[in-house]
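Single-letter residue listing:
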Amino acid sequence: MAKKRKILVLHGPNLNLLGKRQPEIYGRLTLEQINRRILALARELGVEVEIRQSNSEGELVDWIQQAPKKFAALVINAAAYTHSSVALRDALTAAGIPAIEVHLSNIYKREEFRKRSLIAEAVVGQITGFGVSSYLLGLRAAVEAL
Ligand code: CA2
């Protein structure tokens, strides 16, 4: 598939633990189940999606830097790095392709430190608080941005 129909979905640190702990905040779906839903929607929308997860800030930065070569847009749940990472923000700005920020929980209804997203100014927009639907809405927004 041509690059213009390819979208990269990135999951940040600890999201590999989904479904095992804190279901009251993050829901009961595992990351694999979330990924299956994303891939099913991608098929419906006629786009190709590649999904990656990393606990490492540097690896996420590398993937974002390389993204424009292969992908037309990206969807990112930067998890805890949302609130701390100037490196991710700079990488998203430099990449120059549309990025959609997503969160399972509503980061504005939680602890004070979660209310600040350092990447927010580097993305097209943010979808927060809709569980797995945040990713699905994020994918739809990324397709709109293509
Ligand atoms: O709501 C979201 O999607 C978050 O990005 C999730 C991050 C959190 O740091 C952000 O503030 C909001 C945490 C992901 C870790 O998920 C876990 C899942 C199960 C058990 C422990 C952590």
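In case you missed it, the structure is sitting above this.
This is a predicted model, so every value here is computed, not measured.

## Some details on helix α4 (residues 86–95)
Item 1. Every buried residue belonging to α4 is among L88, A91, L92 and A95, and all of these are buried. Taken down its axis, α4 places every buried residue within 100° of arc, on the same side. Exposed and facing more than 90 degrees away from the buried side of α4 are T93 and A94.
Item 2. Against α3 (57–70), β3 (73–77) and β4 (99–103) lie the buried residues of α4.
Item 3. Here α4 starts with a cap whose side-chain oxygen sits 3.4 Å from the backbone nitrogen of A87, and that cap is S85.

## Examining unusual backbone geometry
Item 1. For N14, which is not a glycine, the phi torsion comes out positive at approximately 75°.
Item 2. In this fold, N14 is placed in the loop between β1 (6–11) and α1 (23–26).
Item 3. Although it is not a glycine, A79 sits at a positive phi angle of roughly 50°.
Item 4. By secondary structure assignment, the location of A79 is in the loop between β3 and α4.
Item 5. According to the relative accessible area criterion, A79 is buried, its value standing at 15%.

Definitions and cut-offs
Residues numbered from 1 in each chain as written. Predicted model: local features only at pLDDT ≥ 70, side-chain atom pairs only at ≥ 80, totals over all residues. Heavy atoms only, no water. Buried < 20%, exposed > 50% of the residue type's maximum accessible area, 1.4 Å probe, protein only. Helix = DSSP H or I, 4+ residues; strand = E, 2+ residues; numbered from the N terminus. Arc of directions from axis to C-beta. Contact = heavy atoms within 4.5 Å. Polar contact = N/O pair within 3.5 Å; in protein donor to acceptor, adjacent residues only side chain to side chain.

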